[in-house]
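Each chain is listed here by its residues.
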Amino acid sequence: MPRKGMRSICFNPKTSSFSMSRYSSPARNSISTGTPRRSFSESLIEQSIEAATVLINKWNPETSTYARVTSLFYESKSEAMQFISCVNDLQKSMHAMVTENSTSEKLVHAQNLMQIAMKRLQKEFYQILSMNRAHLDPESVSARSSRASARSSISDFDDDGSVSHDDEVRNVGDSIDEVEEVSSIAMTDLRSIAECMISSGYAKECISIYKIIRKSIVDEGIYRLGVEKISSSQINKMDWEVLDRRIKDWLEAVKVSMATLFNGERILCDHVFASSDSIRESCFTEISKEGATLLFEFPELVAKSKKSHPEKIFRVLDMYTAISTNWIEIDSIFSFESTVTVRAQALNSLNKLSDSVRSMISEFESTMQKDSPKSKIHGGGGVHTLTLTTMNYLSLLADYSNILADIFADWPPPPRSSLPESYFESPSTDDSPAPEISMRIAWLILVLLCKLDGKVEHHKDVCLSYIFLANNLNHVVSKVQTSNLKYLLGEDWIAKHEEKVKLFAANYERLAWGPVIATLPENPTATITPAQAKEIFRKFNSSFDATFRKQSSFVVSDPKLRDEMKVSLERKIVPSYREFYDAQRSNVVGERNVGLIVRFAPEDVGNYLSDLFFGNNNNSGSTSVSSSYSSSHRRHSWSRA
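As the structure is a prediction and not an experimental result, all values here were calculated from the model. (Residues numbered from 1 in each chain as written. Predicted model: local features only at pLDDT ≥ 70, side-chain atom pairs only at ≥ 80, totals over all residues. Heavy atoms only, no water.)

## Topic: the overall build of the protein chain
Point 1. Within the protein chain one finds 26 helices and 2 strands.
Point 2. Among the 641 residues that make up the protein chain, the fraction classed as buried is 46%.
Point 3. Looking at the protein chain as shown, the accessible area adds up to about 31900 Å², and 52% of this sits on carbon and sulfur atoms. (Helix = DSSP H or I, 4+ residues; strand = E, 2+ residues; numbered from the N terminus. Buried < 20%, exposed > 50% of the residue type's maximum accessible area, 1.4 Å probe, protein only. Areas by Shrake-Rupley, 256 points an atom, 1.4 Å probe, with all protein chains shown as cover.)

Next comes the structure, spelled out in structure tokens:
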């Protein structure tokens, strides 16, 4: 019978290791002790135990000062491999002895040797993990793995000799190779020790050391990335600037942790414990689960917070983007069943972020709807603040079009009856419906345009109303054209709204300047009496003066639209006036106070029109028109009489 308290070793096929139990071996009684087969087996066992005794005792830290202060794997790699080989052979011998005679003194001696060997390997395992923290950090491990794959893929190309590098690049490469070599050696040694300890029944001791050291590295990495435990109440109490900084830190943390921290740790764990799926899963889960869960909790807390700020939606979209673009890596790195909670937390944060984006967009629409339509049109009919803020908001949202397409995918669109039928005709058709994101953006712009229409309905100056509509719709179209909104709404949408801008401008021109144009005869060169010529000049002077003074306060914000409108006016007024002026000025040359009759030369009219739409005040406009004739008129007209 085995000694009391002594463990006998038996192989467990389920764990690929040996476990200790009390048992007898009836089979040994049936083996003929005098057969040559047994004698040969005993001879091999004795040789194995003798070899193990010498080497294991040499590195016993309890009996040798040299062994206590020296690392086996750093002192002699060949002897370290021999040590591993001796332990593996000893294990096989013990297994053979257990099946033949579980009470033999040789087995007891072998068990003592195995315990000494395992303590030695435990020490070596700890030393390699501790002394190689710099070379076994997740970033180095993941980078080594990536570069190894890259070198493998281009090895054939390099062998052709078609690529050459200068000495500086080669030296840098050599330096990287030296670091990678240290990392590779350490990983190989750890794997050798782990496989030996696991197969010898000492998996628990090996795993315990690995978990403690590697978890401390991962936890430190998470902390250095700025990720720490935080509550919803803490987030709600933060100033936006503080929370914004934390979100930016988190975005960087996700990038680094998925590319290096957790990825490198998974690579190392898979390599060291390649012999056991259950062990590598257990190790990686315990090492990374807490830090990863902490990392992916933060977006959910931000999404659920009551903190309100105009930029919040864009930070939320940034976080959504970070998780969704890294989802393949998240799913791959945390693929174990025991890390399902990490994947679930990441997915839950993704859903909460999506809900938050929808809520904020709905709130934005509601804010637009609440804008008072009775507010006055200020600034000469320029671009309204509501237009500026809305289009800035939507153009920034369009930069996240791919992400928003996911978020809007299962969000019911606005009722079709709420949108103009013309929108559905293009770019959407029944066979090819517009994406939900395009529908949503078009709807928000429509809400804006309806609010702008509501503002002009309460304004008495129709001319100013058309200037206002032209300015604001032009700004909308311009923002669409110069942002990713153009890809969401399409060229047809842009073309149709550009036509509306032109229509507003034409309506303004007709209502504001139509009376001026009407003062000139259809046939400017027709023969008329001096009295008739004087009357036409008088009406033109009066109408042009009054109209210019009123319109000089109006603003057209966009330079291109402003120039187009001025050119259009000049083409309709100046040529006709010039023909009339040249044909009829001789009829009034002899009149008294001729300067009061013909106040504007054609060049003067063109100059005044070119000064329009800059928002000059009424008084300055009136003064300039009234005093125009004194110098300009005499210089340009009467010298040619």
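Still to come is the rest of the account.
## Here's the deal with the packing of helix α10 (residues 240-272) against helix α11 (residues 277-304)
Point 1. Following both chains from N to C, one finds α10 and α11 inclined at 165 degrees, their axes separated by 11 Å at the closest point. Judged by the inter-axis angle, α10 sits roughly antiparallel to α11. In terms of crossing hand, the pair formed by α10 and α11 is left-handed.
Point 2. Taken together, the residues of the contact of α10 with α11 break down into 17 nonpolar, 3 polar and 5 charged. (Axes fitted to C-alpha atoms, helices over the stretch in contact; angles between N-to-C directions. Parallel < 35°, antiparallel > 145°, perpendicular 65-115°, else oblique. Left-handed = near helix turned anticlockwise from the far one by under 90°. Nonpolar A, V, L, I, M, F, W, Y, C, P; charged D, E, K, R; others polar.)

## Quick word on empty space enclosed by the protein
Point 1. The tally for this structure, following the rule as stated, stands at 2 cavities of 30 Å³ or more.
Point 2. Computed from the structure, the largest cavity encloses a volume of approximately 100 Å³.
Point 3. Going through the elements one at a time, α10 and α11 are the ones with two or more residues in the lining of the largest cavity.
Point 4. At 4 residues, α11 tops the list of elements feeding residues into the lining of the largest cavity.
Point 5. Among the residues forming the lining of the largest cavity, the class breakdown is 7 nonpolar, 1 polar and 5 charged. (1 Å grid on protein atoms, 1.4 Å probe; cavity = no way out; pocket = protein on both sides within 12 Å on 5 of 7 lines; lining within 4 Å. Points joined across faces, edges and corners; volume = space filled by probe spheres on them.)

## Some words on unusual backbone geometry
Point 1. Its identity is not glycine, yet F613 carries a phi of approximately 70 degrees, on the positive side.
Point 2. Its location among the elements puts F613 in the loop between α24 (602-610) and α25 (618-626).

## Section: the packing of aromatic side chains
Point 1. According to the stated counting rule, one finds 25 aromatic pairs in the structure shown.
Point 2. When the centroid spacing of 5.9 Å and the interplanar angle of 55 degrees are considered together, the rings of W513 and F544 count as tilted. Of this pair, W513 sits in helix α20 (residues 485-518) while F544 sits in helix α21 (residues 530-551), and the two are 31 residues apart along the sequence.
Point 3. In this structure F544 comes out as buried when scored by relative accessible area, which is 0%.
Point 4. Members of the aromatic cluster, joined through ring pairs, are W513, F537, F540, F544, F548, Y577, F580, Y581, F600 and Y608.
Point 5. The lysine or arginine in question, R266, covers the ring of F284, its NZ or CZ lying 5.7 Å from the ring centre. (Phe/Tyr/Trp six-rings, centres within 6.5 Å; stacked < 30°, edge-to-face > 60°. Lys NZ or Arg CZ within 6 Å of the ring centre and 35° of its normal.)

## Things to note about the layout of surface pockets
Point 1. Quantified by volume, the largest pocket comes out at close to 430 Å³.
Point 2. Lining of the largest pocket is provided by 21 residues; of these, S308, H309, P310, M360 and E363 occupy positions nearest its centre.
Point 3. Those elements giving two or more residues to the lining of the largest pocket turn out to be α12 (312-325), α14 (340-370) and α15 (385-398).
Point 4. Classifying every residue of the lining of the largest pocket gives 9 nonpolar, 8 polar and 4 charged.

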